[in-house]
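# A closer look at the structure
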Amino acid sequence: MKKLLFFALALLMVGCEKAIMDEKTEDAIPADANVILHFSQFEQEAFTRAATDITNLCSRLNIAIFDADGTKVKTIAQKEGDASYGTVALSLAAGTYRLVVIAHNCDGSATITSTEKVTFPNNKVTDTFFYYGTLVVTDALQSYDLTLTRAVAMFRLVLADPRRGDVPPGADRRERAI
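Since this is a predicted model, take the numbers as computed values, not measurements.

## A few points about the overall build of the chain
The helix and strand inventory of the chain stands at two helices and ten strands. Each helix and strand of the chain, ordered N terminal to C terminal, gives the series α-α-β-β-β-β-β-β-β-β-β-β. Burial status across the chain gives 29% buried among its 178 residues. Excluding contacts between residues fewer than 6 apart, the proportion of contacts in the chain whose partners are at least 24 apart in sequence is 63%. When the accessible surface of the chain is summed, it comes to about 12700 Å², and 55% of that surface belongs to carbon and sulfur atoms.

## Some details on the confidence of the model for the chain
In the predicted model, the chain carries a mean pLDDT of 76, and the fraction of residues at 70 or more is 63%. Scored below 50 in pLDDT, residues 1–26 shows seven contacts in the model against residues more than four places distant or in partner chains.

## Concerning the pairing of strand E10 (residues 142–150)
Bridge count for strand E9 (residues 129–137) against E10 is two bridges, and the pairing is antiparallel. Among the inter-strand pairings, Phe130 is bridged to a residue of E10, identified as Thr149. Here E9 hands over to E10 after four residues, the two strands then running antiparallel side by side.

## Details of the nonpolar core
Counting residues in hydrophobic clusters, the biggest one holds 23 residues, and the most contacted among them are Leu37, Phe39 and Ile63. Mapped by element, the contributors of at least two residues to this core are strand E1 (35–45), strand E3 (60–66), strand E5 (87–90), strand E6 (95–104), E9 and E10. When sequence neighbours within four positions are dropped, the list of residues in contact with Ile63 reads Phe39, Lys74, Thr75, Ile76, Val88, Leu99, Val100, Val101 and Ile112. Within the second largest apolar cluster, eight residues are counted, among which are Phe66, Val100, Ile102 and Cys106.

Rules of the game
Residues numbered from 1 in each chain as written. Predicted model: local features only at pLDDT ≥ 70, side-chain atom pairs only at ≥ 80, totals over all residues. Heavy atoms only, no water. Helix = DSSP H or I, 4+ residues; strand = E, 2+ residues; numbered from the N terminus. Buried < 20%, exposed > 50% of the residue type's maximum accessible area, 1.4 Å probe, protein only. Contact = heavy atoms within 4.5 Å. Areas by Shrake-Rupley, 256 points an atom, 1.4 Å probe, with all protein chains shown as cover. pLDDT = per-residue confidence, 0-100. Pairing = 2+ DSSP bridges. Core = buried A, V, L, I, M, F, W, Y, C linked by side-chain atoms within 4.5 Å.

Structure below.
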């Protein structure tokens, strides 16, 4: 009987949880917005796939919207700590746009000059994610869940302490001509 009571109590506590993200998103949407963008990052590791909220991985979001002619229509910069960080609500005229999103960890904002050119402060590239796609806007409110792709990778080579004998034969600190 005690097990059944414990199980019922545990089920009741789990079933009453409300997602905090809903409150944040509702407060961040201006009344005149007709486009809402949510960002996630797609990961694939050892045959498993999962989407992660991009705000857990990056401290800055830079968004640029271009019209069909390639003219920049709007830019948005968000950083960690902003009230609406990770959700962008904006008002655009009906039409077709090209959207460029850069999520990163630089100290400053990335500059999106065109759909093909992005520069970072001091030319320093950190863990970076991107999205590029077409955005079709109507007068009705539209919400998009956009999946960003990792743009940079890291290579790390760690050699063990040679005094312990963990370094492979032939590997040493002398420079060799290639």
